[in-house]
Amino acid sequence: MAIDVAWCGICGSDLHEYLEGPIFIPHGTPHPVSGEMAPLTMGHEFSGTVTALGEGVTDLAVGDAVVVEPYVIADDVDTTPGQPYQLSHDMNFIGLGGRGGGLSEKVVVDRRWVHPVGDIPLDQAALVEPLAVGYHAYRRSGAGAGDVALIGGAGPIGLLLAAVLRAEGLTVVVTEVSAARKAKALETGVADHVLDPTEGSVADRVRELTGGRGADVGFECSSVDAVLDTLLDGVRPGAVIVNVSIWGHKPAVDLQKLVLKEIDLRGTIAYAGDHPATIELVRSGKVDLAPFITARIDLADLVEQGFETLVHRNDTQVKILVHP
């Protein structure tokens, strides 16, 4: 299926590749599924319009607005609902492992990775992919309505995860130091409480908010050691902490805190069968993606107004979209 790309978001994973990579991008040896290696086209958070259909595709039409679940996975992997295909051997992503990318004008992808978005505007639809990351992390946590969640980091993933949690009936507490990101968490309404660790103990404040108990679940969305420490301190005994962020270094983890409180530390990667439910959160109005888009740029300005802004002036932006 051929797709004209409309918008592509810049992801934290892209910044890790830019600053510390290659991480997901294959180098030296081609990727075993795509057969590609660096240099390749980046971009995995993208939306577009169908321009051509492959043989046998009858459930979509030319002109449909779609998003791509950007996997590079072997053809024989079962991707039917309920299958953990995100954990398959040699898994990678379009825009990181090859097969084109959202920073190109056009892509060709298998039908199984294409999801119609109906009347969701295409710029907002480009945020469905990171929203699906948040939705999958929520499912991994086992948390539910009425629980209190502590999110470490109000970058794009942290904010979109917060939007999912609020939509699912959780109380959301966010810890963040950036003034712009603290403001965004409050003005979008995705956080009930925003705490600044430079202004006192986050863990103490969380216990005050929860009657001395602590948060029921924590989400690490910053890849900062001190934030993980804060989560270990701020959750209740027996809580779950889900690591959502991609780390460019090996973090120092205070395992004694984990042991003494019997905390369950879980990993999460991407998504598996989460796009339909994620798209429905947006279409139903439970999640409003528009406020999270803070800039729209042309491809020619990708480095200076995109990567460099997010690296050196990240408190000025949340989600930058690129029009290729």
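Heads up: the structure comes first, above all this text.
(A) Just the pattern of salt bridges, in detail. What the rule picks out here adds up to 17 salt bridges. A salt bridge links Glu187 to Lys184, with the nearest nitrogen and oxygen atoms 3.0 Å apart. Taken together, the residues Glu187 and Lys184, both in helix 5 (residues 179-187) and 3 residues apart, mark about one turn of the helix. Glu187 gets classed as exposed once you look at its relative accessible area, which sits at 57%. With a closest N to O distance of 3.0 Å, Asp264 and Arg266 form a salt bridge. Within the structure, one salt-bridge network assembled from shared partners comprises Arg213, Asp216 and Arg236.

(B) Main features of the packing of helix 6 (residues 202-209) against helix 7 (residues 225-234). Their axes nearest at 8 Å, the elements helix 6 and helix 7 cross at an angle of 35°. Helix-helix and strand crossings are classified by hand; for helix 6 and helix 7 the assignment is right-handed. Where helix 6 approaches helix 7, its residues Val202, Ala203, Val206 and Arg207 are matched on the opposing element by Thr230, Asp233 and Gly234. When grouped by side-chain class, the residues that make up the contact of helix 6 with helix 7 number 3 nonpolar, 2 polar and 2 charged.

(C) Main features of the sheet that holds strand 9 (residues 171-175). Judged by pairing direction, the sheet is parallel, and its 6 strands sit side by side in the order 10-9-8-11-12-13 without closing on themselves. Each of the sheet's edge strands pairs with one partner strand only, and the pair in question is strand 10 (193-195) and strand 13 (264-267). Within the sheet, the average angular offset between the axes of one strand and its neighbour, ignoring direction, is 20°. The sheet contact formed by strand 8 (residues 148-152) and strand 11 (residues 215-220) spans 4 bridges and is parallel. Residue pairing across strands places Gly152 opposite Glu220, the latter belonging to strand 11. Seen against the sheet, helix 6 touches strand 8, strand 9, strand 10 and strand 11 and runs at an angle of roughly 160° to strand 10.

Rules of the game
Starting from 1, residues in each chain are numbered consecutively following that chain's sequence as written. Given that the model is predicted, a residue must reach a pLDDT of at least 70 before its local features are reported, and side-chain atom pairs must reach 80 or more before they are shown or counted; all residues, however, enter totals for whole chains, interfaces and linings. Note: side-chain values were computed over all heavy atoms of the structure, leaving out hydrogens and water. We count a salt bridge whenever a side-chain nitrogen from Lys or Arg sits within 4 Å of a carboxyl oxygen from Asp or Glu. Each helix corresponds to a stretch of at least 4 residues labelled H or I by DSSP, and each strand to a stretch of at least 2 residues labelled E; elements are numbered beginning at the N terminus. Exposure is judged per residue with a 1.4 Å probe applied to protein chains only, and the accessible area is read against the type maximum: over 50% gives exposed, under 20% gives buried, and values in between give partly exposed. To obtain each axis, a line is fitted to C-alpha atoms, and for helices this fit is confined to the stretch in contact; angles are then taken between N-to-C directions over 0 to 180 degrees. Crossing handedness is defined as follows: a turn of the near helix away from the far one that is anticlockwise and smaller than a right angle gives a left-handed crossing, while the clockwise case is right-handed. We call two residues in contact whenever any of their non-hydrogen atoms come within 4.5 Å of each other. The classification used treats Ala, Val, Leu, Ile, Met, Phe, Trp, Tyr, Cys and Pro as nonpolar, Asp, Glu, Lys and Arg as charged, and all other residues, Gly among them, as polar. One bridge is not enough; two strands pair if DSSP finds at least two bridges between them.

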